[in-house]
Amino acid sequence: MTSSIASFIPQVKQQHLTEAPRAFAWGGRLKVTLLMERRDDRLELHCRRLMPGMELSVREGAEGYAVRMEHVLAGDSGGQSSFETGVKEQSALDRFISVGGMDAIKGKPEGYILQVGEDAIGIQSQDAAGLFYGLQTLRQLVEQHRDIPAVTIVDWPDTAIRCMNYDLRQTYSKPERLEAYLAEFARYKTNAVLIEYEDKFPFAAYPELVHPKHALSREQFERLKLAAHEHFIEIIPLQQSFGHLEYVLRHDSYKHLRETEKSIGEICPSQEESYQLITGLLEEMIASHPESRYIHLGCDEVYSLCECDACRERYEGVRERAFIAFLNRLIAFTAERGKTPIFWHDMLDKCPEEELRHLDKRSVAMIWIYNGRNIDSDVSTLTEKFRRLGIRVMGAPAVRSFDWAEHQNYPVIVNRVDNLLQWAATSEKLELDCVVATNWTGPFSLGVPYGVFETTWYPMLLHADLAWNRRSDADTFIDRFLHQFHGIRPEVGHGKLGNYRIEDYYDIIWKLTDEVKLNRDYAELIAIMRDYEVATDKSRAIHKYLYRLELFPGDAAERRSLLNNYQRNRRKRDNVRPRMQAALERYQPEDMAAHFVLSRFYLHDYLERTIYREIGMNLEE
């Protein structure tokens, strides 16, 4: 376990315990002074949430941002403290710092210094976001220590844009949960979320593309944006613009815009109507996100690119030329509206430099590589290629992706941990300023869902840990996570289970449910998913018993062996199914939860109808 005074996520950069006669006792009446260079109502809001019932004094005009907390003593009249006076004559930060000075975070946006003494707690930053993140660190201290040890913490992020991902294409959480999860992201110092809305966006100009049941209402969408702003999170909208357009091109009215009749997800760049449709979608998406600096154009996995006669003739059969020509039009359209366009890198992975130099330099290439042991060399090669031509680069590991497993009731964590750790080292080496933890709900719109968002908190917070502090101690992460997220102290977890490592979370959390004090519902959900896998594991191999029966038709022992396995697995499946449905309804609408459950049980239901009944399997015999 880390020697830190708390199980911080993200792990703080520097902490120094200081000598003090006693710790700061949290609780009771607190007098709080909040100084701001420019007023930001969000800071006052978060101070009040962290310290309800406090006496708050707010002052503007300071240089930088600071907050001081001290106990209200008996007989205290509530007058100004020395901290509040002379705000304009001297920097509030400089007056308050007692150790190290502000030089420790100079030139480090969103950095902060937190000091705890026996009589007061103070946080200072050069910007509002930094003060907010200092409050989040204080929150973690308070939750683990009612008497907070005297300490000085100096902390700042290594990555400017630390981004999570909402993929709304398949199953997703209820809108009120999507809002609440933004607060959870911010708690762990995430400051952006990439959202692929697809048909869940409340398009006004294209109502035929809006999902009839599960699209966000305009009110829900506005509340989502408000929650993001309140928690210092930037939304980066993702509007597919080339491939992955199944939700559009499945409609008869747009079917003629496919590259080929078979390519249900790829649009033809040679048709002017394609450009008009995509820019119409982008126009509405851009207008709906006025605070967003970026818009993601997608443009990955355009499998049938340059296959139609018009494209082959117009672009001489050169796929990259066709791709860049259409992408450049979208980049220009987006940039002219004040947004920086992002695109996935993969279609230009092998692009010859003579073609790539035609790419509009107002764009950003987001490199996504989810597997393999060569993240450093692969990403470095691609980054050098794009940067040499003046194209900025962002990075994208995955907290859940295909992983050669269609059904992922929770992430394939060995792959995800390895991917995140490699990306952290590579992003430090290449000084990437944006890293996104992609969290896909399925391979594409018409597939089946991978898994449930709520089972991905473990790799998501590993990403948050590494994006803020690229040199965070991975060996202590599982202990810090269990303590911070589930309230399980390291000595309790290891005392019950012995040794475990960073990749063991999904193998152990169901064994620790009795010890879970926080976020118990997520632990229970994972336990149910594990019960499902145990229940269905042998039924996937039922063919071997059927094969034996085929070899020895009419043999009573062979039939009994098949029946024993059928009954055992059937009873386990019947037990777990309603529990899975009930658990999912905590997070998803009832019919969406039913869709997920059916995706897991459909094959077994099909075998029940077509094989088991035919050969006379039953539960009573």
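Residues numbered from 1 in each chain as written. Predicted model: local features only at pLDDT ≥ 70, side-chain atom pairs only at ≥ 80, totals over all residues. Heavy atoms only, no water.

Colleague: What is the right way to read the overall build of the protein from this model?
Modeller: Within the protein, the secondary structure is distributed over 20 helices and 19 strands. Relative to the compact-globule value of 25 Å for 621 residues, the protein shows a C-alpha radius of gyration of 27 Å, a close match. Once the C-alpha set of the protein is aligned to its principal axes, its extents read approximately 90 × 65 × 45 Å. Across the 621 residues in the protein, those meeting the buried criterion constitute 59%. Within the protein, contacts between residues at least 6 apart in sequence are counted, and of these 75% link residues at least 24 apart. (Helix = DSSP H or I, 4+ residues; strand = E, 2+ residues; numbered from the N terminus. Rg over C-alpha atoms; globule rule 2.2 N^0.38 Å. Buried < 20%, exposed > 50% of the residue type's maximum accessible area, 1.4 Å probe, protein only. Contact = heavy atoms within 4.5 Å.)

Colleague: Any chance you could explain the pairing of strand E10 (residues 161–167) here in plain terms?
Modeller: Two faces belong to every sheet, and in a regular strand the side chains alternate between them. Counted residue by residue, E10 has seven buried out of seven residues, so it is predominantly covered. Neither face of E10 is exposed, since Ile-161, Cys-163, Asn-165 and Asp-167 on one face and Arg-162, Met-164 and Tyr-166 on the opposite face are all buried. Two elements, E10 and strand E18 (residues 434–436), share three bridges in a ladder whose sense is parallel. Pairing of Ile-161 across the sheet is with Cys-434, part of E18. One crossover worth recording links E10 to the parallel strand E11 (residues 192–196) by way of helix H4 (residues 175–187), and it is right-handed. (Pairing = 2+ DSSP bridges. Right-handed = clockwise from strand over helix to strand, strands pointing away.)

Colleague: For this particular structure, what's the right way to read a nonpolar patch on the surface?
Modeller: On the surface, Leu-598, Tyr-602, Leu-603 and Tyr-606 cluster together into a nonpolar patch covering about 410 Å² of accessible area. In this structure, Leu-603 sits in helix H20 (residues 590–612). (Patch = residues over 30% accessible without salt bridge, like charges linked within 9 Å, V, L, I, M, F, W, Y side chains within 5 Å. Areas by Shrake-Rupley, 256 points an atom, 1.4 Å probe, with all protein chains shown as cover. Salt bridge = Lys/Arg side-chain N within 4 Å of Asp/Glu carboxyl O.)

Colleague: Which parts of the structure should I look at to understand the environment of Phe-203?
Modeller: Along the chain, Phe-203 turns up in the loop between E11 and helix H5 (218–230). Judged by its relative accessible area of 4%, Phe-203 falls in the buried class. Counting along the chain gives 82 residues from Phe-203 to Met-285, while the straight-line C-alpha distance between them is 8.3 Å. Here Phe-203 is in contact with Glu-198, Val-210, Gln-239, Tyr-247, Leu-281, Glu-284 and Met-285, once residues within four sequence places are set aside.

Colleague: Would you take a moment to explain the sheet that holds strand E4 (residues 55–60) for this structure?
Modeller: For sheets, the rule is that strands pair by backbone hydrogen bonds, running either parallel or antiparallel. Across the sheet, which stays open at both edges, the seven strands sit in the order E1-E9-E6-E7-E5-E3-E4 with mixed pairing between neighbours. Strand pairing shows two members of the sheet lacking a second neighbour, strand E1 (14–17) and E4, which therefore form its edges. Here the average twist between neighbouring strands, direction ignored, is 10°. Taken together, the five bridges between strand E6 (residues 112–116) and strand E9 (residues 151–155) define a ladder with antiparallel strand orientation. (Axes fitted to C-alpha atoms, helices over the stretch in contact; angles between N-to-C directions.)

Colleague: In this structure, what is going on with the environment of Leu-168? I would like to understand it.
Modeller: Residue position: Leu-168 is located in the loop between E10 and H4. Along the chain, Leu-168 and Gly-442 lie 274 residues apart, while their C-alpha atoms are 9.7 Å from each other. Leaving out residues up to four positions away in the same chain, Leu-168 has contacts with Leu-178, Ile-195, Glu-196, Tyr-197, Lys-200 and Leu-216.

Colleague: Quick question: what am I supposed to make of the packing of helix H19 (residues 556–584) against H20 here?
Modeller: A packed helix pair is summarised by two numbers, namely the angle formed by the two axes and the spacing between the axes. Direction vectors running N to C along H19 and H20 enclose 165°, while the axes themselves pass 9 Å from each other. Judged by the inter-axis angle, H19 sits roughly antiparallel to H20. With respect to the hand of their crossing, H19 and H20 are arranged in left-handed fashion. For the pair H19 and H20, contact is made by Tyr-566, Arg-570, Arg-573, Val-576, Arg-577, Met-580, Gln-581 and Leu-584 and by Glu-590, Ala-593, Ala-594, Phe-596, Val-597, Leu-598, Phe-601, His-604, Asp-605, Glu-608 and Tyr-612, respectively. (Parallel < 35°, antiparallel > 145°, perpendicular 65-115°, else oblique. Left-handed = near helix turned anticlockwise from the far one by under 90°.)

Colleague: Teacher, can you tell me more about unusual backbone geometry here?
Modeller: A cis amide bond links Ile-9 with the next residue in sequence, Pro-10, at an omega value of -5°. At Glu-110, a residue that is not glycine, the phi angle is positive and equals roughly 70°. By secondary structure assignment, the location of Glu-110 is in the loop between helix H2 (92–96) and E6. Using a relative accessible area of 15% as the deciding quantity, one classes Glu-110 as buried. Of note in the backbone geometry, Cys-306 takes a positive phi value of approximately 65° without being a glycine. Of note, Cys-306 is situated in the loop between strand E13 (294–296) and helix H8 (309–314). The exposure class assigned to Cys-306 is buried, which follows from its relative accessible area of 7%.

Colleague: Sorry, what's going on with the nonpolar core here?
Modeller: One recurring pattern in soluble globular proteins: nonpolar side chains tend to sit buried together. If you look at the biggest cluster of nonpolar residues, it comprises 163 residues, and the most contacted ones within it are Trp-26, Leu-138, Tyr-166, Phe-185, Phe-323 and Trp-457. Sorting elements by how many residues they give to this core places helix H3 (residues 128–144) first, with nine residues. Of all hydrophobic cores here, the second largest spans 20 residues; its members include Cys-163, Trp-344, Ala-398 and Tyr-450. (Core = buried A, V, L, I, M, F, W, Y, C linked by side-chain atoms within 4.5 Å.)

Colleague: What's the story with the pairing of E9 in this structure? I'm lost.
Modeller: Of all the five residues making up E9, five are buried; the element is thus mostly covered by neighbouring parts of the structure. Here E9 shows two buried faces, one formed by Val-151, Ile-153 and Asp-155 and the other by Thr-152 and Val-154. Alignment of E1 against E9, held across four bridges, turns out to be antiparallel. Opposite His-16, over in E9, you have Thr-152 as the bridge partner.

Colleague: Is there a simple way to explain the side chain of Ser-472 in this structure?
Modeller: With respect to the helices and strands, the residue Ser-472 is situated in the loop between helix H13 (457–468) and helix H14 (477–486). Classification of Ser-472 as buried rests on a relative accessible area of 8%. Of the polar contacts made by the side chain of Ser-472, one reaches the side chain of Asp-465; its length is 2.6 Å. Aside from chain neighbours lying at most four places away, what touches Ser-472 is Gln-11, Asp-465, Leu-466 and Arg-480. (Polar contact = N/O pair within 3.5 Å; in protein donor to acceptor, adjacent residues only side chain to side chain.)

Colleague: Even after reading the chapter, I still don't get the packing of aromatic side chains, so can you show me in this structure?
Modeller: Aromatic rings considered in pairs are described by the distance between their centres and by the relative angle of their planes. Under the defined criterion, the tally for this structure stands at 38 aromatic pairs. Aromatic pair Tyr-458 and Tyr-505: ring centres 4.5 Å apart, planes at 10°, arrangement stacked. Of this pair, Tyr-458 sits in helix H13 while Tyr-505 sits in helix H16 (residues 505–508), and the two are 47 residues apart along the sequence. Side by side, Tyr-458 and Tyr-505 carry an identical accessibility label, which is buried. Directly above the aromatic system of Trp-156 lies the positively charged group of Lys-108, at a separation of 4.8 Å from the ring centroid. (Phe/Tyr/Trp six-rings, centres within 6.5 Å; stacked < 30°, edge-to-face > 60°. Lys NZ or Arg CZ within 6 Å of the ring centre and 35° of its normal.)

Colleague: Help me out: how do you make sense of helix H1 (residues 41–50) in this one?
Modeller: Owing to its 3.6 residues per turn, the α-helix brings residues three or four apart onto one side. Of the positions making up H1, those classed as buried are Arg-42, Leu-43, Glu-44, His-46, Cys-47 and Leu-50. Of the surrounding elements, those touching the buried residues of H1 are strand E3 (30–36), E4, strand E5 (65–71), H3 and H5.

Colleague: I'm lost on the pattern of salt bridges in this one. Help?
Modeller: Opposite charge on two side chains lets them pair, provided their charged atoms get close. By the definition in use, this model includes 51 salt bridges. In this structure, the salt-bridge partner of Arg-22 is Glu-118, at a minimum N-O distance of 2.9 Å. In this pair, Arg-22 sits in the loop between E1 and strand E2 (24–25) while Glu-118 sits in the loop between E6 and strand E7 (120–125), placing the two residues 96 residues apart along the sequence. On the basis of relative accessible area, Arg-22 is assigned to the partly exposed category, the value being 49%.

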